[in-house]
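An overview of the molecular structure
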Amino acid sequence: MGLSIMIAEHGVDVLARCAASRCAHAVLRYGPGPARRYCDASCANRARVAAHRAARAASSTAGGIRYSHGHDDR
């Protein structure tokens, strides 16, 4: 009942899909502060870890030099 009242009062713009790539949960974007992007902390953490890994992979291969970080890839 509460969700239908929120939508009736504020429109469907208060609802959004979770920003995590493999999540289909809804996020309620209403209230003070920045708008929420993720349905919960685990989705936000997964997205941050994926972004960090992608940035490290891109920087480790920059300039055609691959840094193995102590691992022998031979």
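For the structure, check the block above.
Owing to the predicted nature of the structure, the values given are computational and were not obtained by experimental measurement. (Residues numbered from 1 in each chain as written. Predicted model: local features only at pLDDT ≥ 70, side-chain atom pairs only at ≥ 80, totals over all residues. Heavy atoms only, no water.)

Section: the overall build of the protein chain
How we decide: Numbering goes from the N terminus for both helices and strands, where a helix is a DSSP run of H or I of at least four residues and a strand is a run of E of at least two. We call a residue buried when its accessible area falls under 20% of the maximum for its residue type, exposed when it is over 50%, and partly exposed in between, using a 1.4 Å probe and counting protein chains only. Throughout, a residue-residue contact means that at least one pair of heavy atoms, one from each residue, lies within 4.5 Å. Surface exposure here means Shrake-Rupley accessible area, sampled with a 1.4 Å probe, where a residue is shielded only by the protein chains that are shown.
Looking only at helices and strands, the protein chain features two helices and two strands. When the helices and strands of the protein chain are placed in sequence order, the string is α-β-β-α. Buried positions account for 15% of the 74 residues belonging to the protein chain. Once local pairs closer than 6 in sequence are excluded, the contacts in the protein chain between residues at least 24 apart make up 6%. When the accessible surface of the protein chain is totalled, it reaches about 6,100 Å², and 56% of it is carbon and sulfur.

A look at helix α2 (residues 41-60)
Let me state the cut-off plainly: Here the expected length of a helix is defined as 1.5 Å per residue gap, with one fewer gap than residues.
Taking 1.5 Å per residue, 20 residues should reach 28 Å; α2 reaches 28 Å between its end C-alpha atoms and fits that length. The complete set of buried residues in α2 reads C43, A44 and S60.

Keep in mind these values describe shape, not function.
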